Each structure stands twice: as structure tokens, then as C-alpha cells.
Amino acid sequence: MSVTEKPVLYSYWRSSCSWRVRIALNLKEIPYDIKAVSLIKGGGEQHCNEYREVNPMEQVPSLCIDGHTLVESLSIMHYLEETRPQRPLMPQDCFKRSKVREICEVISSGIQPLQNLIVLIYVGEDKKKEWAQHWITRGFRAVEKLLSASAGKYCVGDEITLADCCLVPQVFNARRFHVDLRPFPIILRIDRELENHPAFRAAHPSAQPDCPPEVAK
């Protein structure tokens, strides 16, 4: 694609990694088109030869922007932050920036991959709920502890950051697997704070063009 074309996000409606990027794009008010990639249809469209050329990891999201194709949600969000610094999603203060990265990494490396679709298929239908609950609960204990020192209105202080982009989709996943969230009052408070924010609502799975009609609001 050329540098002047509208960005294209390869996304799956319920993918939390795609959701993070949708939130960031919305918060930065970057217009974009979605190209839906079903992770389940026909054994998963992400595994087809055409998409493998876009993303060799055969995962979503991928973002075509500025004549480039980017993969991995955190890398994409940092690119957006560095190339479009208006409406910043990282604090100016170096220590606060490190706290944002910390929370993002705990979620994106320590929680989400362990309850990703490819892992749950390997674990098996009988054990996948117990498995997901265990790892989400373990990770949320760490996130709650980190938030007890960093949170203001949001994850780090009183401005929305990339950490919030990561947290909200993970809370959705926790509810999907019926995780008991009562031990995590800060996480719940921040999620409530953001649930009606226009950028977060527009990025919600139920608002996506590939969301099944029976799920869409």
C-alpha cells in the first residue's frame, strides 16, 4: 500500500490483541479499514498462504500503514505513538512510561498468550476453562498489585495510556472464562471507567463488522 492510503487492520472481532490496536487507533482518531480474518472458519483463515505473506506468525492483528506492514499489537501501538504523537498514549515522565510498559508486558506476555485460541485447542476442550481461569487469575494478581501503586483514574495516573488499551480486552476475556474478579477491585474500577468511552465502545467485539449477528448489540 502507498503511504497515502487509509490504514488497513487485519482483525478478528474477539481477538483481544486486535482489540488493543482498534482502541489505540480510535483514541488517536486515525481512520482505518478492517479486513476481517476469521480464526475459526475453515480451520482458521490466518493459516492460509495469502495471510501468511502478511503475517508469518499466522496471527492477528496486522496493520498496513504508511506503506509498511506491521505485526504484533504492542509493536503496532508503539509505532502509532511514535509516528502520531498527537493524543499521546504514553506519559511524558520516564518512570510512568516504564510502568505503562510493565503493565502491557504482564498482560501481553504473561496472561494473554496462555489463554490464546491456539493454546486452548492444544489443552483440550475438557480442561481449557480451568486452564484459562488459572493463568488469568495468576496474572491479574500481579496486575492488581502493580495498579495499587500506579493507578489514578486509569492504569497509570489520570490519562488513558497503552496499559488501558491492554487491560480492558483482558477483563473481557476474564469474564468470558468466568474468572472471579471480586479480588481485583482496581481492575474492575478502571474497566467500569472506560466501558462507555467512545473509543473503547467502537472497538468492542460486538461493534465489529465480523461479529456474529447473535452476539452483536
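Residues numbered from 1 in each chain as written. Predicted model: local features only at pLDDT ≥ 70, side-chain atom pairs only at ≥ 80, totals over all residues. Heavy atoms only, no water.

- Identification of the protein as Maleylacetoacetate isomerase from Arctia plantaginis is taken from an unreviewed UniProt entry.
- The Pathway (unreviewed entry) field of the UniProt record for the protein holds the comment "Amino-acid degradation; L-phenylalanine degradation; acetoacetate and fumarate from L-phenylalanine: step 5/6."
- A UniProt comment under Sequence similarities (unreviewed entry) is attached to the protein, and it reads "Belongs to the GST superfamily. Zeta family." (UniProt positions renumbered as here; feature names shortened; annotations may be inferred.)

### Here we look at the overall build of the protein
Reasoning step 1: Along the protein, the regular secondary structure elements total nine helices and four strands.
Reasoning step 2: Reading the protein from its N end, one meets helices and strands in the order β-α-β-α-β-β-α-α-α-α-α-α-α.
Reasoning step 3: The buried share of the protein, reckoned over its 217 residues, is 48%.
Reasoning step 4: Long-range contacts, defined as pairs at least 24 residues apart, comprise 66% of the intrachain contacts of the protein with a sequence gap of at least 6.
Reasoning step 5: Split by element, the accessible area of the protein, about 11,200 Å² in all, is 53% carbon and sulfur. (Helix = DSSP H or I, 4+ residues; strand = E, 2+ residues; numbered from the N terminus. Buried < 20%, exposed > 50% of the residue type's maximum accessible area, 1.4 Å probe, protein only. Contact = heavy atoms within 4.5 Å. Areas by Shrake-Rupley, 256 points an atom, 1.4 Å probe, with all protein chains shown as cover.)

### Some words on the packing of helix α4 (residues 94-110) against helix α6 (residues 128-150)
Reasoning step 1: The contact between α4 and α6 brings their axes to 10 Å, and the two run at 170 degrees. Classed by the angle they form, the pair α4 and α6 counts as roughly antiparallel. Contacts between α4 and α6 involve Lys99, Glu102, Ile103, Val106 and Ile107 on the former and, on the latter, Gly139, Ala142, Val143, Leu146, Leu147 and Ser150.
Reasoning step 2: Partitioning the contact of α4 with α6 into residue classes produces seven nonpolar, two polar and two charged. (Axes fitted to C-alpha atoms, helices over the stretch in contact; angles between N-to-C directions. Parallel < 35°, antiparallel > 145°, perpendicular 65-115°, else oblique. Nonpolar A, V, L, I, M, F, W, Y, C, P; charged D, E, K, R; others polar.)

### Details of the sheet that holds strand β4 (residues 68-71)
Backbone hydrogen bonds are what pair the strands of a sheet, in a parallel or an antiparallel way.
Reasoning step 1: Read across the open sheet, the four strands follow the order β2-β1-β3-β4; overall the sheet is mixed. With partners counted over all chains shown, the strands left at the sheet margins are β2 (33-36) and β4, one partner each. Recorded for the sheet is a direction-independent mean angle of 20 degrees between the axes of neighbouring strands.
Reasoning step 2: Across three bridges, the pairing between strand β1 (residues 8-11) and strand β3 (residues 62-65) is antiparallel. For Leu9, the partnering residue across the bridge sits in β3 and is Leu63.
Reasoning step 3: On the sheet, helix α1 (residues 16-27) packs against β1, β2 and β3 and is oriented at approximately 155 degrees with respect to β1.
Reasoning step 4: Where helix α3 (residues 73-83) meets the sheet, its contacts fall on β3 and β4, and the angle it forms with β4 comes to roughly 130 degrees. (Pairing = 2+ DSSP bridges.)

### Brief notes about the pairing of β3
Reasoning step 1: In β3, alternate side chains face the same way, and those of Ser62 and Cys64 on one face and Leu63 and Ile65 on the other are all buried.
Reasoning step 2: The sheet contact formed by β3 and β4 spans four bridges and is antiparallel. Residue pairing for β4: Ser62 is matched across the bridge by Val71.
Reasoning step 3: Where β3 folds back on β4, the antiparallel hairpin that results is connected by two residues, among which Asp66 adopts a positive phi of roughly 55 degrees.

### Describing the state of the cysteines
Reasoning step 1: Under the defined criterion, the tally for this structure stands at zero disulfides.
Reasoning step 2: Looking at Cys48, it has no disulfide partner, and the nearest cysteine sulfur is the one in Cys64, 14 Å off.
Reasoning step 3: You can see Cys104 has no disulfide; the closest cysteine sulfur is in Cys166, sitting 3.8 Å from it. (Disulfide = S-S within 2.5 Å.)

### Considerations on the UniProt feature "domain: GST C-terminal" (unreviewed entry) in the protein
Reasoning step 1: Per the UniProt record, the feature "domain: GST C-terminal" (unreviewed entry) sits at residues 93-213.
Reasoning step 2: Taken end to end, residues 93-213 has its terminal C-alpha atoms 44 Å apart, with 64% of it in helix and 0% in strand.

### Quick notes on the environment of Thr69
Reasoning step 1: Its place among the elements puts Thr69 in strand β4.
Reasoning step 2: Residue classification places Thr69 among the partly exposed positions, given a relative accessible area of 44%.
Reasoning step 3: On a C-alpha basis, the gap between Thr69 and Val54 in space is 7.1 Å, while along the polypeptide they are 15 residues apart.
Reasoning step 4: When near neighbours in sequence (up to four residues on either side) are disregarded, Thr69 contacts Val54, Leu63 and Cys64.

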